[in-house]
Amino acid sequence: MEYVIEMLNIKKKFGTFYANNNITLQLKKGEIHALLGENGAGKSTLMNVLFGLYQPDGGEIRVKGKKVDITDPNVANDLGIGMVHQHFMLVENLTVTENIILGSEPTKMGMLNIKDSAKKVAEISKLYGLDVDPYAKIEDISVGMQQRVEILKTLYRGAEILIFDEPTASLTPQEIDELIRIMHKLIEEGKSIILITHKLQEIMSVSDRVTVIRKGEGIGTVITAETNPEELATLMVGRQVTFKTEKGPSHPTEEILKIDNLVVTDYRGIEKVKNLNLSVRRGEIVGLAGIDGNGQSELIEAITGLRKVKSGKIIMGDKDVTNKKPRQITENGLGHIPQDRHKHGLILDFSVGYNAALQSYYQKPFSSNGLMNYKEVTKHANKLIADFDVRTQGEHELARALSGGNQQKLIIGREVDRNPDLLIAALPTRGLDVGAIEFIHKRLIEQRDQGKAVLLISFELDEVMNVSDQIAVIYDGAIVDTVTPAETSEQELGLFMAGHNKSEIVEGSDGAVLKVGDDDHV
Amino acid sequence: MSNRLINVLVPLISIILGLLVGAVVMLVSGYDPVAGYIALWNGIFGDSYAIGETIRQISPYILAGLAVAFAFRTGLFNIGVEGQLIVGWFAAAYVGMAFELPKIIHLPLALLAAAAAGALWGLIPGLLKATLKVHEVIVTIMMNYIALHLVNALIKVVAKGGFKTDKIQDTASLRSDFLSELTDFSTLHYGIFVALFMVFIMWFILERMKLGYELKSVGFNENAAQYAGMSVKKNIVMAMVISGAFAGLGGAMEALGTFGNMSTRAGFTGIGFDGIAVALLGANTPLGVVFGASLFGSLKYGANNMPNAANIPIEIVSIVIALIIFFVACGYIIRVGLQRIGKNKEAK
């Protein structure tokens with residue numbers, strides 16, 4: 001069969017660092033070809049090369065057998081290559097049609113001719129079952145619909161080959177199903193698709209073949225039907241990956257965090273945490289399970305000193321830390337992996353090195369007598385980079401340039417390295433690939449085994465089930481119940497998370513499986 | 001095209017383009033651009049006197065630029081440099097005039113007074129921003145007017161109804177016979193060394209001090225800074241105070257160096273506002289500010305020679321100077337253009 005696109009031995013260098021080194025990807029006509037790799041493996045770089053945003057330093061690109069030189073995105077467009085970006089490039093307050101024609105507006109005697117375009121948009125939309133209203137404003141339609149507009153945009157411009165960059169990252173499960181249906185429809189109509197992702201399940205369910213890259217190197221291409229998620233994960237990460245992290249039994253000792261009748265309000269003064277009681281002991285991981293918005297954020301902010309407590313007590317060790325300043329609490333032995341790594345965890349415009357010192361910059365050896373000692377900061381950063389496998393071009397690189405997984409590793413390194421008695425990990429694996437998730441889970445368990453206490457906040461049930469020794473379920477600002485993973489099931493947790501208590505479940509009044517973990521608020 | 005080459009070419013091409021368009025403006029208006037530019041050149045570099053005056057003009061621009069740049073680096077927009085400079089000018093003029101002290105105490109004291117006055121003028125918007133979240137742009141603009149008219153009133157009080165303060169004592173003066181003689185009796189004074197020292201101070205605070213690490217953290221990401229245990233409020237106030245102190249010293253240049261007193265003013269000096277452009281031209285780095293201030297100071301001073309030596313009206317001169325600065329500020333476009341040319345060459 002003929003290849004529509006061949007990327008042969010592509011190389012792309014940034015400085016001395018090879019983002020792509022000898023990667024070969026061959027796309028057959030009418031197939032869905034997945035491009036799999038960890039965060040930072042070089043997937044986006046490769047696609048940017050194909051889309052003309054980067055020029056390769058080696059290798060060649062062929063379209064329908066002919067060697068081509070894609071110098072900019074316009075050339076890619078002319079060759080029929082279209083990209084559906086992960087972060088949509090749409091103007092919020094323009095309509096669907098206006099967005100689609102943006103950049104090549106058809107005019108009639110100098111006047112914009114929207115009508116014909118809208119008609120064409122509607123036709124394409126119908127042909128592929130996209131169901132998009134050409135006159136709807138972008139700000140009024142859902143994220144899933146906006147993505148379809150992106151797809152329409154490429155089709156409108158005559159794309160034969162569509163690149164989907166992490167298309168499911170911000171979609172709900174229903175929207176994902178719809179997207180898969182649309183992809184199949186596109187294939188039926190003779191298009192070819194490259195799907196960039198690190199989600200294994202997705203690959204298994206839609207793709208025909210998979211090309212795996214690892215740390216910038218092409219690992220190979222396999223036929224989806226002949227492989228399985230375990231093998232793909234191994235290829236991607238370069239070693240066996242366990243989906244369920246191994247851990248021994250816990251040996252909890254004394255209580256390190258005690259929360260007593262805590263009440264916390266949000267910025268509008270509405271009570272978000274209501275008389276909450278919680279206890280975390282040394283040597284155990286307590287998983288706080290719950291659906292987003294049930295008071296988790298306010299609880300963490302109260303424990304870490306970022307938000308005032310209305311009433312109740314927070315005791316850490318033997319000290320009352322209620323309403324203390326963040327630094328006092330940190331110095332009392334708290335490590336914190338914040339929920340939002342970009343907002344709270346890192347200063348993106350600071351270097352990796354500066355970020356590594358963010359919690360301890362004011363202490364010796366990083367500073368003394370009001371002066372920074374950047375030599376020590378650098379030394380410390382290099383140690384963290386090595387110990388926590390942060391993949392970066394060096395400590396001087398901006399944190400912004402790191403992939404999500406590596407940013408998270410940097411934060412975890414920084415917090416764990418301070419050797420805290422209590423580590424709060426809020427959604428520590430959100431948006432990360434299996435390799436990074438495994439790494440982070442291992443580190444949390446390692447902390448536990450060293451006699452530290454870990455409070456894990458997560459919206460993902462399997463994460464909570466896998467990692468925790470105790471599971472506390474939060475609903476509407478209070479703990480519904482505390483159970484151990486062995487004595488519960490995902491189904492039961494789901495019911496707790498919906499606010500049902502034990503007696504109701506025993507009665508069996510509600511046996512429905514509850515869906516949790518909608519992640520579209522990222 | 002190598003990056004270094006581009007870095008050299010961009011300002012050069014910018015200035016040449018500015019000169020060309022400025023020449024067109026002069027031609028269209030019926031004046032001789034060649035004569036005009038010769039007059040400009042002579043006004044800046046023509047003789048040692050001109051050079052001395054140019055350097056003298058650059059000093060307050062450096063300090064105003066540092067004030068704006070420092071605030072920018074810490075996430076604040078200090079548009080009140082003008083007012084801070086005016087109160088600094090008055091404070092230095094007053095301390096310089098009213099006390100009789102040995103020079104080794106008097107001059108530093110007068111400089112300190114200027115810095116303190118500017119700092120106070122920065123403190124108020126800083127406090128309002130930190131405690132009540134009042135936007136610093138609004139407050140600093142208003143503080144400019146308060147500074148202007150308050151200082152005018154104070155001058156009348158100090159001058160017992162007159163319009164200018166008495167000359168400062170010699171012991172508070174930045175004037176230098178040596179520098180003056182060196183430059184054919186220009187008004188060049190030691191202020192340039194004060195300004196350059198402050199360039200070092202800004203670099204030192206931002207790049208070497210713990211305070212600088214905190215200020216930059218708060219400037220880039222308040223949330224992460226707070227999470228790391230920094231006091232966002234304290235840092236906002238500190239940033240405005242330091243920025244104001246730089247601006248106040250800018251005023252001291254005029255009080256203790258150039259003029260030796262202060263007269264009531266009908267309007268702003270403009271130096272504080274030009275400081276915004278100076279900072280942006282210099283990409284908010286200490287050394288960049290020196291470059292920006294040099295450009296501004298030279299053109300501003302040199303332009304004075306164009307009406308006399310080439311009979312070009314001052315209005316046209318202002319347009320020409322603005323055009324040159326405009327093109328330098330557009331350096332980004334030229335940079336992109338150069339990179340594209342380089343790319344095409346590579347492709348071939």
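Fair warning: this is a prediction, and the values are worked out from it, not measured in the lab. (Residues numbered from 1 in each chain as written. Chains lettered and ligands numbered in written order. Predicted model: local features only at pLDDT ≥ 70, side-chain atom pairs only at ≥ 80, totals over all residues.)

### Brief notes about the overall build of chain A
- The helix and strand tally for chain A stands at 18 helices and 24 strands.
- In summary, chain A has a C-alpha radius of gyration of 25 Å against a globular reference of 24 Å for 522 residues, a match within 12%.
- Along the three orthogonal principal directions, the C-alpha set of chain A runs to about 75 × 60 × 50 Å.
- Counting across all 522 residues of chain A, residues that qualify as buried make up 47%.
- Sequence-distant contacts in chain A: of pairs separated by 6 or more residues, those separated by 24 or more amount to 67%. (Helix = DSSP H or I, 4+ residues; strand = E, 2+ residues; numbered from the N terminus. Rg over C-alpha atoms; globule rule 2.2 N^0.38 Å. Buried ≥ 20, exposed ≤ 12 C-beta atoms within 10 Å, placed from the backbone. Contact = placed C-beta atoms within 7 Å.)

### Here's the deal with helix H9 (residues 296-304) of chain A
- Counting buried positions over the nine residues of H9(A) gives nine, a clear majority of the element.
- Taken from the residues just after H9(A), A:Gly305 is the one with a positive phi, measuring 90°.

### Concerning the interface of chain A and chain B
- Taken together, the 22 residues of chain A in the interface contact 15 residues of chain B.
- Elements with a minimum of two residues in the side of chain A that touches chain B: helix H10 (326-331), helix H11 (341-345) and strand S20 (371-372) of chain A.
- Split into classes, the residues belonging to the side of chain A that touches chain B amount to 11 nonpolar, seven polar and four charged. (Nonpolar A, V, L, I, M, F, W, Y, C, P; charged D, E, K, R; others polar.)

### Here's the deal with the environment of A:Leu36
- Within the element layout of this structure, A:Leu36 appears in strand S3 (residues 32-36).
- Spatially, the C-alpha atoms of A:Leu36 and A:Val263 are 45 Å apart, while their sequence positions differ by 227 residues.

### Let's talk about the packing of helix H3 (residues 48-73) of chain B against helix H8 (residues 191-208) of chain B
Residue and element names in this part refer to chain B.
- Taken N-terminus to C-terminus, the directions of H3 and H8 make an angle of 15°; their axes are 8 Å apart at the nearest point. On the basis of the axis angle, H3 is roughly parallel to H8. Here H3 and H8 pass one another in a crossing that is left-handed. Mapping the contact onto sequence places Ile55, Ile58, Ser59, Ile62, Leu63, Leu66, Phe70 and Arg73 in H3 and Gly191, Ile192, Ala195, Met198, Val199, Met202 and Leu206 in H8.
- When the residues that make up the contact of H3 with H8 are grouped by side-chain class, the tally is 12 nonpolar, two polar and one charged. (Axes fitted to C-alpha atoms, helices over the stretch in contact; angles between N-to-C directions. Parallel < 35°, antiparallel > 145°, perpendicular 65-115°, else oblique. Left-handed = near helix turned anticlockwise from the far one by under 90°.)

### Some remarks on unusual backbone geometry
Residue and element names in this part refer to chain A.
- A cis amide bond links Lys364 to the next residue, Pro365, at an omega of 5°.
- In this structure, Pro365 sits in the loop between helix H12 (352-356) and strand S19 (367-368).
- Positive phi, close to 60°, is recorded for Asn419, a residue that is not glycine.
- What makes Asn419 exposed here is the crowd of 12 C-beta atoms within 10 Å.

### So, the nonpolar core
- In this structure, A:Ile163, A:Leu455, B:Leu63, B:Leu66, B:Ala92 and B:Ala114 are the most contacted members of the largest nonpolar core, which totals 254 residues.
- The element best represented in this core is helix H11 (residues 232-258) of chain B, accounting for 15 residues.
- If we skip the residues at most four places from it in the chain, A:Leu455 touches A:Leu257, A:Val280, A:Val286, A:Leu288, A:Leu422 and A:Ile424. (Core = buried A, V, L, I, M, F, W, Y, C linked by C-beta atoms within 7 Å.)

By themselves, these are just geometric observations and shouldn't be taken as functional.
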